[in-house]
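# Summary of structural features
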Amino acid sequence: MATNDVTVTFRNFCVPQEKDSTGARWYLDSDCGRKLSGSAVLTGEMGNTVVYEDSTSSFPVDLETGFDFFYLKCVSGDDIKLSLDGGSNYLVSLSSGEAFASYVDSSAADIKFDTTGTSTVQYLTIT
Amino acid sequence: MANDRKIQFATQVIAKIEAQQAATTGSLEEYDLSKAAYQYNKTHTSVNKSLGGNGYIDVNSTQWGDGWTSMSVLTRTAWEDFDEVWNTTASDWDIGSGDVAISSAVVQLSSDSSTMAFCYIKNTGSNAVKITLEYGAGSPTYPFKLPAAGSIQFKGYSTNLTIDKIGVVRVSSDSTIEYVIAKA
């Protein structure tokens, strides 16, 4: 690596849970049986251009294509809807406090997101 | 049928930048304090913090089928499903880890057309895979890539995304995944 090269570590963690028959307590879902997590470090797969917005409340945000990594968090307010085809179809949703992150195909992911009411978001792109 | 189901989830992102620590010089009476220059990673100066979020989602207590998690899709978990001759190589007797093979043919995670509430996919193999949310379309795009050991998770928006639209294919070499895909 050279000075100024960017790396990103991203991890997701989820725990499917099931309530017992008495309705008294949540357990690890018996169909899954464990907590799930995956973590990866992207080094050298991306360029070094980082754009970070800590607080944005003006929508829609149309980032279009050209990114290698994308992160979005709904910081507060109403749900955020995310499109990967420039706004024709909104397929992914984020509620307040939730975040989404992915290594993306720079030519296929045409990113646009909008609020369903009034929201504040935080986002990061790496190109 | 479960009494009730929910999924808790969290995402964390740390962006770093390579920096160089300049060489230091100097000495004490008994020690040499000099150090050569070296490279190190620090939190990216445009971000300056770890990013992330968490939440949970209530999903249907009666899921669309046993295959809603790859861990329960193992088809030989019921005694009556075993059809392997006892004295052959015991491929079916090992119920495995729940990994699903990913090769050059797109794998549709399910043909169920219920509204998708939540999806988690991890690349458990050694090679990158890519994901479409348009399985069955004429020319589906693959906006998400998963490097080895990487994972992705997302909630569906409204009723716009159905379970049968999620597909996974290799980028260049075969790999494996595990997944959870739950209906609303």
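Going by the structure above, here's the rest.
Remember, it's a predicted structure, so these values are computed and weren't measured experimentally. (Residues numbered from 1 in each chain as written. Chains lettered and ligands numbered in written order. Predicted model: local features only at pLDDT ≥ 70, side-chain atom pairs only at ≥ 80, totals over all residues.)

### So, the sheet that holds strand E4 (residues 50-56) of chain A
- Reading across the sheet, the 8 strands line up as E4(A)-E11(A)-E6(A)-E9(A)-E8(B)-E7(B)-E10(B)-E5(B) and stay open at both edges, with antiparallel pairing between neighbours. Strand pairing shows two members of the sheet lacking a second neighbour, E4 of chain A together with strand E5 (107-108) of chain B, which therefore form its edges.
- Examined bridge by bridge, strand E9 (residues 99-104) of chain A and strand E8 (residues 144-146) of chain B share 2 bridges and lie antiparallel to one another. When the sheet's bridge partners are listed, A:Val104 is paired in E8(B) with B:Phe144. (Pairing = 2+ DSSP bridges. Helix = DSSP H or I, 4+ residues; strand = E, 2+ residues; numbered from the N terminus.)

### A word on the environment of A:Met46
All names here are of chain A.
- Its location among the elements puts Met46 in the loop between strand E3 (36-43) and E4.
- Overall, the presence of 20 C-beta atoms within 10 Å leaves Met46 in the buried class.
- Considered as a pair, Met46 and Ser76 are 30 residues apart in the sequence and their alpha carbons are 30 Å apart.
- Residues contacting Met46, with those up to four places away along its chain left out, are Val6, Asp68, Phe69 and Ile126. (Buried ≥ 20, exposed ≤ 12 C-beta atoms within 10 Å, placed from the backbone. Contact = placed C-beta atoms within 7 Å.)

### Section: the interface of chain A and chain B
- Tallying the contact residues gives 57 residues for chain A and 58 residues for chain B.
- Looking at the side of chain A that touches chain B, the elements that each hand over two or more residues are strand E1 (6-19), E3, E4, strand E6 (69-77), strand E8 (90-94), E9 and strand E11 (119-126) of chain A.
- In terms of residue count, the dominant contributor to the side of chain A that touches chain B is E1(A) (14 residues).
- Tallied by class, residues from the side of chain A that touches chain B come to 29 nonpolar, 17 polar and 11 charged.
- Pairing geometry for E8(A) and strand E9 (residues 151-156) of chain B, over 2 bridges, is antiparallel. Bridged to A:Ser93 within E9(B) is B:Lys155. (Nonpolar A, V, L, I, M, F, W, Y, C, P; charged D, E, K, R; others polar.)

### Structural notes on the pairing of strand E7 (residues 129-132) of chain B
Residue and element names in this part refer to chain B.
- Both faces of E7 are covered, namely the face carrying Val129 and Ile131 and the face carrying Lys130 and Thr132.
- Note: E7 against E8, 3 bridges, orientation antiparallel. Residue Val129 lies in a different strand from E8, and its bridge partner there is Leu146.
- Note: E7 against strand E10 (residues 167-170), 4 bridges, orientation antiparallel. Paired with Lys130 across the two strands is Val169, which belongs to E10.

### Some details on the sheet that holds strand E11 (residues 175-183) of chain B
- Spatially, E5(A)-E10(A)-E7(A)-E8(A)-E9(B)-E6(B)-E11(B)-E4(B) is the arrangement adopted by the 8 strands of the open sheet, whose pairing is antiparallel. At either margin of the open sheet sits one strand with a lone partner, and together these are strand E5 (61-64) of chain A together with strand E4 (100-102) of chain B. Within this sheet the neighbouring strands show an average axis-to-axis angle of 30°, counted without direction. (Axes fitted to C-alpha atoms, helices over the stretch in contact; angles between N-to-C directions.)

Such coordinate-based values are descriptive only and should not be taken to indicate function.
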